[in-house]
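Here is how the chains run, residue by residue.
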Amino acid sequence: MAANGNGVSTTPKSPLARIQTQKNGGICHDDSGKPVKAQTIDELHSLQRKRSAPTTPLDGVQGAFATISEDERQRQQLQSISASLASLTRGTGPKVVRGDPAGKVQSVSHVAHHHHIEAPTISVSDSSLKFTHVLYNLSPAELYEQAIKYEKGSFITSTGALATLSGAKTGRSPRDKRVVIDDTTQDELWWGKGSPNIEMDEHTFMVNRERAVDYLNSLDKVFVNDQFLNWDPQNRIKVRIVSARAYHSLFMHNMCIRPTPEELENFGTPDFTIYNAGQFPCNRYTHYMTSSTSIDLNLARREMVILGTQYAGEMKKGLFSVMHYLMPMRQILSLHSGCNMGKDGDVALFFGLSGTGKTTLSTDHNRYLIGDDEHCWSDNGVSNIEGGCYAKCIDLSREKEPDIWNAIKFGTVLENVVFDEHTREVDYGDKSVTENTRAAYPIEYIPNAKIPCVGPHPKNVILLACDAFGVLPPVSKLSLAQTMYHFISGYTALVAGTEDGIKEPTATFSACFGAAFIMLHPTKYAAMLAEKMQKHGATGWLVNTGWSGGSYGSGNRIKLPYTRKIIDAIHSGSLLNATYHKTEVFGLDIPTEIEGVPSEILHPENTWADKKAYKETLLKLAGLFKKNFETFTNYKIGKDNKLTEEILAAGPNFQFLEQ
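Each value, and the rule that gives it
- Residues numbered from 1 in each chain as written.
- Predicted model: local features only at pLDDT ≥ 70, side-chain atom pairs only at ≥ 80, totals over all residues.
- Heavy atoms only, no water.
- pLDDT = per-residue confidence, 0-100.
- Contact = heavy atoms within 4.5 Å.
- Pairing = 2+ DSSP bridges.
- Helix = DSSP H or I, 4+ residues; strand = E, 2+ residues; numbered from the N terminus.
- Axes fitted to C-alpha atoms, helices over the stretch in contact; angles between N-to-C directions.
- Disulfide = S-S within 2.5 Å.
- Buried < 20%, exposed > 50% of the residue type's maximum accessible area, 1.4 Å probe, protein only.
- Phe/Tyr/Trp six-rings, centres within 6.5 Å; stacked < 30°, edge-to-face > 60°.
- Parallel < 35°, antiparallel > 145°, perpendicular 65-115°, else oblique.
- Left-handed = near helix turned anticlockwise from the far one by under 90°.
- Nonpolar A, V, L, I, M, F, W, Y, C, P; charged D, E, K, R; others polar.
- Salt bridge = Lys/Arg side-chain N within 4 Å of Asp/Glu carboxyl O.
- Expected span 1.5 Å × (residues − 1).

J.: I would appreciate a short explanation of the confidence of the model for the protein in the present structure.
T.: Confidence along the protein averages 87 in pLDDT terms, with 84% of residues attaining 70 or more. The low-confidence segment residues 24-29, where pLDDT is below 50, has 5 contacts with residues more than four positions distant or belonging to other chains. Counting interchain partners and residues more than four positions distant, the pLDDT-below-50 stretch residues 53-66 has 26 contacts.

Now the structure itself:
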């Protein structure tokens, strides 16, 4: 009720609901809670963050940190990091403390430690006065904050992924990669023609290491990741990555295997260390340097130095090269392949260069994904080396690659993509920065990923080739010697441009389907592959995902549904029971029929209208195989060289070529 100017009470036409009051206080209900005790905004923020520390019980745990306090564990951890950052011109590593220098609380004191490095030392210098702040194994959320606050070009996209830039280099720099040659590696590694390994000496490596370490020590803060490689617990490798960018730390958090809190407590000394000083160039006047970029591997010291490139893929593939050296020393085969497993436990390996369909064919909703790129095959079975996936994003669509599309969410790193500045929606077709746009995400972001990423021994080894010449069969069953020959060859064909009409395809060969990363001679990996296939009863297959009925320009690409039917028949085992006949020149065993696949396309000659052109093209491709394989014929396997002769005999029949 209310009174008007004349003192007469009036009732509103639409009265408000009556407010309920408490009986005892006569005031409106207040659910705001008690006031916080903070006196300043900094104190309020400190209440917002709960201190995190490993909570796994230590009872019965064996290791360096099993019976020590949290403070002592952290002190030893920082001591290990300081030792990693030791410089040759100082007797010790830097003084390291935990946390962001922007924070106001410093709870960790200077770590004392001792080193045994035979080098001149400087007892007093300004470098020994400063602290290096260590941001150790930060979570994705913490790394997002660091990237967005301190790294220009870092943004959160509409799906929650972190978009960032890799600087001037948007791909690997293979010509700038060096490996230290010493008394051991001189004999063990593959050097010379065709090899990806370019030599450098120990002294030059140490010069570059000093440059990288001094740069990292000059920063207010560094990011340190302690993680694992290889899901096989008996053969995993402990790696430490020291970097200057939150982007690099998050990338490696995704790509390596993430330790549990208990595993982190007992991490100890790493087996291999990366010093990523990619924002700082190498000295081009240093011996062996050809540019301001240098990626250097020292297998004796178990260290890698990166200067002059911020492309994160250098770390991933550098570690893969290390695994290509360390694992065969343990009689474990390292493989550049995809891997999946059926519901009955049958495992398949997929090898293939870019454009062959490796990702598409190994991603199967009816099978579990063990990994998309890097694997080991040991006496225990197969295991993924990595803890994440590094997928190409160019022209990515929800329809074609739904799993990758859905994996691009919070925690994922998007490299060099273009997005709308208002909506932050990514345009995956835009190549303004580079064609090599990438997404790095944990493997558990894929719905059918098998965690842990291990499986039994493979039953099938599938070699994929996109043959744009159109003369390889859609599928061939390989003997062991043929598997070795085609594995060493690593063939596919690239389609040329069409500026002045259709040009001929270009044959591409990459030894072991990953020549840029192998450390030993290709025949050593091939011999290990054949040995394991024979021991565990695996079958080799050559699958052509390229052209049929003619070369590129006249024929047609083999339909994906047909290729999927072929892969399904391999998985089910039904293709083993098919009737086969042998082709000319390459001597491949091809089936006469496969359910769901037109029989006439199984033999490529049947699909060519011009039989003479088919023969000429077949001989041309066989000649390219022969020329490529000349690189490997001088390498002898075994005292009697018998295995090398078997591999050569499994190639094209050159007597036919001479007719």
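J.: Teacher, can you tell me more about the sheet that holds strand β18 (residues 374-378) here?
T.: Hydrogen bonding along the main chain pairs the strands of a sheet, whether they run parallel or antiparallel. Here 4 strands make up an open sheet; going across it, the order is β14-β18-β19-β25 and the pairing antiparallel. Of all strands in the sheet, those bounded by a partner on one side alone are β14 (333-336) and β25 (454-455). Here β18 runs beside strand β19 (residues 381-384); their pairing, made up of 4 bridges, is antiparallel. Bridge pairing in β19 places Cys-376 opposite Ser-383. Where helix α8 (residues 313-329) meets the sheet, it contacts β14 and β18, and its direction lies at approximately 150 degrees from that of β14.

J.: Quick question: what am I supposed to make of the sheet that holds strand β6 (residues 162-164) here?
T.: Read across the open sheet, the 5 strands follow the order β5-β6-β21-β24-β20; overall the sheet is mixed. On the outer flanks of this sheet lie β5 (155-156) and β20 (388-392), each paired with one strand and no other. With 3 bridges connecting them, strand β21 (residues 413-415) and strand β24 (residues 438-442) associate as antiparallel partners. Its bridge partner lying in β24, Leu-414 is registered against Ala-439. Here helix α6 (residues 246-255) sits on the sheet in contact with β6, β20, β21 and β24, set at roughly 120 degrees to β21.

J.: For this particular structure, what's the right way to read the state of the cysteines?
T.: Counted by the stated rule, this structure contains 0 disulfides. For Cys-389, which is in no disulfide, the shortest distance to another cysteine sulfur is to Cys-453 and amounts to 8.2 Å. Since its relative accessible area comes to 2%, Cys-389 is described here as buried.

J.: What am I meant to see in the side chain of Thr-204 here?
T.: Counting through the fold element by element, Thr-204 comes out in helix α5 (residues 202-218). Given a relative accessible area of 2%, Thr-204 falls into the buried group. In contact with Thr-204, other than residues within four places in its own chain, are Thr-286, His-287, Tyr-288 and Met-289.

J.: It is not clear to me how unusual backbone geometry should be interpreted in this structure. Could you clarify?
T.: A negative phi angle is the norm for most residues apart from glycine, just as the trans form is the norm for most peptide bonds. For the bond running from Ile-451 to Pro-452, omega is -5 degrees, close enough to zero to count as cis. In this model, Phe-513 sits at a positive phi of 60 degrees, which is unusual for a non-glycine residue. Since its relative accessible area comes to 2%, Phe-513 is described here as buried. Although it is not a glycine, Val-585 sits at a positive phi angle of roughly 65 degrees.

J.: I'm lost on the packing of aromatic side chains in this one. Help?
T.: The description of an aromatic ring pair rests on the distance of the ring centres and on the angle between the ring planes. Tallied over the full model, the rule gives 20 aromatic pairs. Ring geometry for Phe-351 against Phe-487: centres 5.3 Å apart, planes inclined by 80 degrees, an arrangement best described as edge-to-face. Of this pair, Phe-351 sits in strand β16 (residues 347-351) while Phe-487 sits in helix α11 (residues 480-489); the two residues are 136 residues apart in sequence, bridging distant segments of the chain. Comparing Phe-351 with Phe-487, the two get one shared label, buried.

J.: Where do I start with the packing of helix α3 (residues 140-150) against α6 in this structure?
T.: Helix-helix packing is described using two parameters, namely the angle between the two axes and the distance between the axes. Packing of α3 against α6 brings their axes to within 9 Å, and their N-to-C directions diverge by 155 degrees. The orientation of α3 relative to α6 falls into the category roughly antiparallel. Handedness of the α3/α6 crossing: left-handed. For the pair α3 and α6, contact is made by Pro-140, Leu-143, Tyr-144, Gln-146 and Ala-147 and by Ala-246, Ser-249, Leu-250 and His-253, respectively. Grouping the constituent residues of the contact of α3 with α6 by class yields 6 nonpolar, 3 polar and no charged.

J.: Looking at this structure, how should I read the environment of Pro-402?
T.: Among the secondary structure elements, Pro-402 is positioned in helix α10 (residues 402-407). Once residues lying within four places of it in the same chain are set aside, the contact partners of Pro-402 are His-365 and Ser-397.

J.: Just checking my understanding: could you explain the pattern of salt bridges for this structure?
T.: Oppositely charged side chains can pair when the atoms bearing their charge come close. One pass over the structure, following the stated rule, counts 19 salt bridges. Here Asp-373 and Lys-316 are joined by a salt bridge, their closest N and O atoms 3.0 Å apart. Residue Asp-373 is found in the loop between β17 (368-371) and β18, and its partner Lys-316 is found in helix α8; the two are separated by 57 residues along the sequence. For the pair formed by Asp-373 and Lys-316, the shared burial category is buried. The salt bridge involving Lys-582 is made with Asp-589; its shortest N-O contact spans 3.1 Å. Taking the relative accessible area as the measure of exposure, Lys-582 reaches 54% and is therefore exposed.

J.: Any chance you could explain the packing of α11 against helix α15 (residues 611-629) here in plain terms?
T.: Relative orientation of the contacting elements α11 and α15 amounts to 80 degrees, with a least axis distance of 10 Å. For the element pair α11 / α15, the angle class is roughly perpendicular. Contacts from Tyr-485, His-486, Ile-488 and Ser-489 of α11 reach α15 at Phe-625, Lys-626, Asn-628 and Phe-629. Residue composition of the contact of α11 with α15, grouped by class: 4 nonpolar, 3 polar and 1 charged.

J.: Would you take a moment to explain α8 for this structure?
T.: Each α-helix turn comprises 3.6 residues. Residues three or four places apart therefore point the same way. Its 17 residues give α8 an end-to-end C-alpha distance of 25 Å, which sits within 8% of 24 Å, the value for a rise of 1.5 Å per residue. α8 sits mainly inside the fold: 16 of its 17 residues count as buried. Trailing α8 by a residue or two, Gln-331 shows a phi angle of about 65 degrees, which is positive.

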